[in-house]
Amino acid sequence: MATEQLLLRLPEDLVRRFKENVPARERSAFVRQLLEHALPLADGDADPLYLAALAVEQDTALNEEMAEWEAATIGDGLTETGAADRHG
């Protein structure tokens, strides 16, 4: 992977804490990991949650099972009108 040098300006107190807590040879990796976790991916389609949701939508067997459950529960009596009839 190609790398690039980056100049950052940070408050002195933060730099002091950074140097006290992260060894010199581990600082670039530390900042890289923080940025990787904090920043969104460049391509929204590569987002793991999006990919998981897409896989669920495209799962034929799961969609068939969900349709069966919907058909089985459509008349379960938990409608707004049914609730009003029981309490009103």
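See the structure shown above.
In terms of helices and strands, the protein chain carries 5 helices and 0 strands. Starting at the N terminus and walking to the C terminus, you meet the elements of the protein chain as α-α-α-α-α. Relative to its 88 residues, the protein chain shows a buried fraction of 2%. Of the roughly 8,500 Å² of accessible surface on the protein chain, 58% is carried by carbon and sulfur atoms.

Our next topic: helix α4 (residues 60-73). Residues spaced three or four apart along an α-helix face the same direction, because each turn holds 3.6 residues. Across its 14 residues, α4 extends 20 Å between first and last C-alpha, which sits within 8% of the 20 Å expected from 1.5 Å per residue. Little of α4 is tucked away: 0 of the 14 residues are buried. Where α4 begins, the capping side chain belongs to Asp59, and its oxygen is found 3.2 Å from the backbone nitrogen of Ala61.

We now examine the pattern of salt bridges. On inspection of all chains with the given rule, the structure shows 4 salt bridges. For the salt bridge of Asp13 with Arg17, the shortest nitrogen-to-oxygen distance reads 3.9 Å. One end of the pair is Asp13 and the other is Arg17, both in helix α1 (residues 12-21) and 4 residues apart, which spans about a single turn. Judged by relative accessible area, which is 44%, Arg17 ranks as partly exposed. When the shortest N-O distance is used, the salt bridge between Glu36 and Arg32 registers 3.2 Å. Here the residue Glu36 and the residue Arg32 both occupy positions in helix α2 (residues 27-38), the gap between them amounting to 4 residues, near one helical turn. By relative accessible area, Glu36 is classed as partly exposed at 49%. Assessed through its relative accessible area of 35%, Arg32 is described here as partly exposed. Through salt bridges with shared partners, a single network forms among Asp13, Arg16, Arg17 and Glu20.

Turning our eyes to something else, we now look at the layout of surface pockets. A volume near 690 Å³ is recorded for the largest pocket. Considering the residues around the largest pocket, the lining is formed by 20 residues, among which Leu6, Leu8, Ser28, Val31 and Arg32 are closest to the centre. Every element with two or more residues in the lining of the largest pocket is listed here: α1 and α2. Top element by residues in the lining of the largest pocket is α2. It accounts for 8 residues. Counted by class, the lining of the largest pocket contains 13 nonpolar, 2 polar and 5 charged residues.

Rules used in this analysis
Residues numbered from 1 in each chain as written. Predicted model: local features only at pLDDT ≥ 70, side-chain atom pairs only at ≥ 80, totals over all residues. Heavy atoms only, no water. Helix = DSSP H or I, 4+ residues; strand = E, 2+ residues; numbered from the N terminus. Buried < 20%, exposed > 50% of the residue type's maximum accessible area, 1.4 Å probe, protein only. Areas by Shrake-Rupley, 256 points an atom, 1.4 Å probe, with all protein chains shown as cover. Expected span 1.5 Å × (residues − 1). Polar contact = N/O pair within 3.5 Å; in protein donor to acceptor, adjacent residues only side chain to side chain. Salt bridge = Lys/Arg side-chain N within 4 Å of Asp/Glu carboxyl O. 1 Å grid on protein atoms, 1.4 Å probe; cavity = no way out; pocket = protein on both sides within 12 Å on 5 of 7 lines; lining within 4 Å. Points joined across faces, edges and corners; volume = space filled by probe spheres on them. Nonpolar A, V, L, I, M, F, W, Y, C, P; charged D, E, K, R; others polar.

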